[in-house]
Amino acid sequence: MRCAFLPFALPDINDAEYSQVKETLASGWITTGPKTRLFEAEFAVYVGARYAIAVNSCTAAMHLALEAVGLQRGDEVITTPYTFAATAEVVRYFDARPVLVDICAEDFNINPAHIEAAITPRTKAIIPVHIAGLAADLDAIYAIAERHGLAVIEDAAHSFPTLHKGRTIGMPPIGRALRHAVCFSFYATKTITTGEGGMICTDNDDIAERCRIMALHGISKDAWKRYTAEGSWYYEIVAPGYKYNMTDVAAAMGLAQLGKAERMAARRRAIAQRYNAAFADLPEVQTPLDPEQQRPPACQGCSCSPTEMQCSHAWHLYMLRLNLERLTIDRARFIELLKAHNIGVSVHFIPLHLHPYYRETYGYRPQDYPVAYAEYLREISLPIYSKMSDEDVNDVITAVRAIVAEHRR
Ligand SMILES: Cc1ncc(COP(=O)(O)O)c(C=O)c1O
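Right, let's walk through the structure included here. (Residues numbered from 1 in each chain as written. Predicted model: local features only at pLDDT ≥ 70, side-chain atom pairs only at ≥ 80, totals over all residues. Heavy atoms only, no water.)

By the burial criterion, the buried members of helix 6 (residues 138–148) are Leu138, Ile141, Tyr142, Ile144 and Ala145. Taken around the axis of helix 6, the buried residues stretch over an arc of 160°, which confines them to a single face. Of the surrounding secondary structure, the elements contacted by the buried residues of helix 6 are helix 5 (115–118), strand 4 (123–127), strand 5 (151–155), strand 6 (163–164) and strand 8 (180–185). Just downstream of helix 6, glycine 149 is the residue with a positive phi angle, here 65°. (Buried < 20%, exposed > 50% of the residue type's maximum accessible area, 1.4 Å probe, protein only. Helix = DSSP H or I, 4+ residues; strand = E, 2+ residues; numbered from the N terminus. Arc of directions from axis to C-beta. Contact = heavy atoms within 4.5 Å.)

Our next topic: the packing of helix 11 (residues 331–340) against helix 14 (residues 390–407). Interhelical geometry of helix 11 versus helix 14 gives an angle of 130° and a closest axis separation of 10 Å. By the angle class used here, helix 11 and helix 14 are oblique. Crossing of helix 11 over helix 14 shows right-handed handedness. On helix 14, the residues that touch Phe334, Leu337 and Leu338 of helix 11 are Ala399, Val400, Ile403, Val404 and His407. (Axes fitted to C-alpha atoms, helices over the stretch in contact; angles between N-to-C directions. Parallel < 35°, antiparallel > 145°, perpendicular 65-115°, else oblique. Left-handed = near helix turned anticlockwise from the far one by under 90°.)

Near the ligand there are 17 residues, and of these Thr59, Asp155, His158, Ser185 and Lys190 occur at the shortest range. Cysteine 58 is positioned such that a nitrogen or oxygen atom in its backbone is 2.9 Å from an oxygen atom of the ligand. Histidine 158 has a polar side-chain atom sitting 2.7 Å from an oxygen atom of the ligand. Taken together, the elements giving at least two residues each to the shell around the ligand come down to helix 3 (58–68) and helix 4 (85–92). The greatest single-element share of the shell around the ligand, amounting to three residues, is contributed by helix 3. For the shell around the ligand, the class distribution of residues is eight nonpolar, seven polar and two charged. (Near = heavy atom within 4 Å. Polar contact = N/O pair within 3.5 Å; in protein donor to acceptor, adjacent residues only side chain to side chain. Nonpolar A, V, L, I, M, F, W, Y, C, P; charged D, E, K, R; others polar.)

An order of 10-11-12 is seen for the three strands of this open sheet, with the pairing classed as antiparallel. Only two strands of the sheet have a single partner each, and these edge strands are strand 10 (285–286) and strand 12 (379–382). Taken together, the two bridges between strand 10 and strand 11 (residues 318–322) define a ladder with antiparallel strand orientation. Across the sheet, valine 285 pairs through a bridge with leucine 322, a residue of strand 11. (Pairing = 2+ DSSP bridges.)

In this section: the sheet that holds strand 2 (residues 76–79). Strand order in this open sheet of seven strands is 1-9-8-5-4-2-3, and the pairing throughout is mixed. Where the open sheet ends on each side, the last strands, each with one partner, are strand 1 (51–55) and strand 3 (97–100). The mean angle between the axes of side-by-side strands here comes to 25°, regardless of whether they run parallel or antiparallel.

What follows deals with unusual backbone geometry. For the bond from phenylalanine 160 to proline 161, the omega torsion is -10°, close enough to zero to count as cis. Each neighbour pair has its own omega, and for histidine 348 with phenylalanine 349 the value is -10°, a cis peptide bond. Mapped onto the elements, phenylalanine 349 comes out in the loop between helix 11 and helix 12 (356–362). Even without being a glycine, aspartate 95 presents a positive backbone phi close to 60°. Tracing the backbone shows aspartate 95 in the loop between helix 4 and strand 3. A relative accessible area of 38% means that aspartate 95 is categorised as partly exposed. Despite not being glycine, phenylalanine 108 has its phi angle at roughly 70°, a positive value. Examined against the element boundaries, phenylalanine 108 turns out to sit in the loop between strand 3 and helix 5.

Bringing the nonpolar core into the picture now. Core analysis: the largest hydrophobic core is formed by 41 residues, its most contacted members being Phe39, Phe43 and Phe184. Among the secondary structure elements, those contributing two or more residues to this core are helix 2 (34–47), strand 1, helix 5, helix 6, strand 8, strand 9 (198–202), helix 8 (248–259) and helix 9 (261–279). Looking at this core, the element that brings in the most residues is helix 6, giving five residues. Those residues within four positions of phenylalanine 39 in sequence are excluded, and the remaining contacts are Phe186, Ile192, Thr194, Met199, Met246, Ala251, Gly254, Leu255 and Leu258. (Core = buried A, V, L, I, M, F, W, Y, C linked by side-chain atoms within 4.5 Å.)

Quick look at the pattern of salt bridges now. A complete count under the given rule lists 22 salt bridges for this structure. Across the pair glutamate 40 and arginine 37 runs a salt bridge, and its minimum N-O distance is 3.0 Å. You can see glutamate 40 and its partner arginine 37 sitting in helix 2, three residues apart, about one turn around the helix. Note on arginine 37: relative accessible area 24%, which makes it partly exposed. The structure contains a network of salt bridges with shared partners spanning Arg2, Asp392 and Asp395. (Salt bridge = Lys/Arg side-chain N within 4 Å of Asp/Glu carboxyl O.)

Along the polypeptide, glycine 254 turns up in helix 8. C-alpha of glycine 254 to C-alpha of isoleucine 192: the two residues are 62 residues apart in sequence and 7.2 Å apart in space. The residues touching glycine 254, leaving out its near neighbours within four places in the chain, are Phe39, Thr193 and Thr194.

Take a look at the structure:
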């Protein structure tokens, strides 16, 4: 057994971040400024978006995007129960209602087959979440949104970089007449990090303009420049906005992280492939779907091969499922045993409808979303991050296999 505890997640920080941040601190300009603008420009190019607006979290990004599409009190927004608190809380900020639609068992993503039944005259938007870094069925979701005149705000907190049918998540849906924004997270555990941070990507001029203004107190364009030589002391408040801007210190980290995003993504992919291969012969567990090898639900209708599908997974999370009927222990005990092997683990996610706030506000019962509930009960997330050594990966594999071997039914 390993002697040191393997953390569940660690950021990949080295000289690139130190020197970028040092340069920013020395420049005398540490809040929103040139580094933030450069980070936005480079991020936009990376994902293929016309606009990228940097903010201080994905939560802020989704709040601004919903504000920009005009969400109002009493409106409804369709999303998934299988997500983090942020996805639905931003809807509640407006006193609007998150309407939950159950997931597909294969990939934990919202099941588009159930979306239309949840649409009412009050529905204004859909928030699909690309769980773990595998894209939801965007073709189906966009088509529904277009038919019903709804906005789509993608929660892409886990999916940088993710390829979906040849397009990077963050690119606008070509040929679709809908209001659309994609929100990324740079939280400490994410695939690239600025400590805390987020990005809104869109090709819609009005959404971009509104998000930019509302991210900084609702004051007129380029408000951040008012202390620079080319800036003006004069500004106008056009709406009561928020304080969601990204600092240049954070953007400096983001630039360094973006510079090594390919390497970090390749490492995560290699770890996922090692885990998938190492657990393939164990009927006691179900490995996550790898869109480079298997057809994800979003591609069920296509006839092309995995390579032709051009889909990839960001592998923010490695979500292993336990086939509990084949084990003599439950999920809680499995986690305790992994911890006893010095392996950090987590569970993603406790579905929203099981939490006291949503239960009490909307009267949900566990079985209201049977797929989300059933999959949650058997999920564990294993460590997956670019700083893991081959030895770390082997330790995780050894621990999982040992626990399974000792407790198979
Ligand atoms: C699915 C999902 N959406 C949104 C968020 C919120 O991201 P942030 O912490 O950047 O606000 C998270 C954070 O973990 C998340 O997992």
